[in-house]
Amino acid sequence: MNQNLLEKTLLLKSEIENHEDVKKLKEIDEKINNDEEVMKLCYKKDVAVTNYEDAIRYFGENSDEALKAQKALYQAKLELDENDLVKQYNLQFKKVRKIYDKINEEIFNKFN
């Protein structure tokens, strides 16, 4: 591999890892992973996903069981999304996603 390209790639990686928005996202992610309330909400949502999938598989997509499970899944996902830490994470994730989109555009649009 071209040594110059390798060096530039490593520099880009370092710049991304040290970007203020990426660091903040990692900090929030760590808080989320150590927050008991968020973990309970995640578990509740995961159980609701499984219940919904099972209801569809066993009773059909338009069955009463599936519709009840869908409603429970919606509620569990809503509770998770309304958690303050999760809100912070989602907002910060959007900022970081813009960084990656810009990098992708700069690097790969030149080939189009």
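Higher on the page you've got the structure.
Conventions and cut-offs
- Residues numbered from 1 in each chain as written.
- Predicted model: local features only at pLDDT ≥ 70, side-chain atom pairs only at ≥ 80, totals over all residues.
- Heavy atoms only, no water.
- Helix = DSSP H or I, 4+ residues; strand = E, 2+ residues; numbered from the N terminus.
- Buried < 20%, exposed > 50% of the residue type's maximum accessible area, 1.4 Å probe, protein only.
- Contact = heavy atoms within 4.5 Å.
- Areas by Shrake-Rupley, 256 points an atom, 1.4 Å probe, with all protein chains shown as cover.
- Lys, Arg positive; Asp, Glu negative; His and termini not counted.
- Charge placed at Lys NZ, Arg CZ, Asp CG, Glu CD.
- Axes fitted to C-alpha atoms, helices over the stretch in contact; angles between N-to-C directions.
- Parallel < 35°, antiparallel > 145°, perpendicular 65-115°, else oblique.
- Left-handed = near helix turned anticlockwise from the far one by under 90°.
- Phe/Tyr/Trp six-rings, centres within 6.5 Å; stacked < 30°, edge-to-face > 60°.
- Salt bridge = Lys/Arg side-chain N within 4 Å of Asp/Glu carboxyl O.

> Which residues make up the overall build of the chain, and what values go with them?
In terms of regular secondary structure, the chain is built from five helices and zero strands. Counting helices and strands in the order they occur from the N terminus, the chain gives α-α-α-α-α. Considering only C-alpha atoms, the chain reaches an extent of 60 × 35 × 20 Å along its principal axes. The burial tally for the chain puts 21% of its 112 residues in the buried class. Here the analysis covers contacts within the chain between residues at least 6 apart in sequence; of these, 67% occur between residues at least 24 apart. Just so you have it, the chain exposes about 9,000 Å², and 53% of that area is on carbon and sulfur atoms. In the chain, 20 side chains carry a positive charge and 24 a negative one; their mean positions are 3 Å apart.

> Requested: an account of the packing of helix α2 (residues 20–33) against helix α5 (residues 84–108), with residues and values cited.
At a minimum axis separation of 9 Å, α2 and α5 run at an interaxial angle of 150°. When the interaxial angle is binned, α2 and α5 end up roughly antiparallel. Crossing handedness for the pair α2 and α5: left-handed. Across the interface between the two elements, D21, V22, K24, L25, I28, D29, K31 and I32 of α2 pack against L85, V86, Q88, Y89, Q92, F93, K95, V96 and I99 of α5.

> If you had to explain the side chain of N83 to someone new, which residues and values would you point to?
Checked against the element boundaries, N83 lands in the loop between α4 (64–81) and α5. Not counting residues within four places of it along the chain, the set of residues in contact with N83 comprises E37, V38 and L41.

> Could you give me a rundown of the packing of aromatic side chains, with the residues and numbers involved?
Going through the model one piece at a time under the given rule, you end up with one aromatic pair. Here Y89 and F93 contribute two aromatic rings whose centre-to-centre distance is 6.2 Å and whose plane-to-plane angle is 20°, an arrangement assigned as stacked. In this pair, Y89 and F93 both sit in helix α5, four residues apart, roughly one turn of the helix. The class of F93 is partly exposed, set by a relative accessible area of 38%.

> Please provide a residue-by-residue account of the pattern of salt bridges, values included.
Enumeration over the complete set of coordinates arrives at eight salt bridges. Ionic pairing is found between K13 and E17, a salt bridge with its closest N-O pair at 3.0 Å. With K13 and E17 both in helix α1 (residues 3–17), this residue pair falls four residues apart, about one helical turn. Look at E17 and you get partly exposed, because its relative accessible area is 35%. In this structure, E36 and K40 form a salt bridge, with 3.3 Å as the shortest nitrogen-oxygen distance. On the criterion of helical spacing, the pair formed by E36 and K40 is a turn pair, its members being four residues apart in helix α3 (residues 36–59). Judged by relative accessible area, which is 56%, E36 ranks as exposed. The exposed category is assigned to K40, whose relative accessible area is 53%.

Everything listed is a geometric property; what it means functionally is a separate question.
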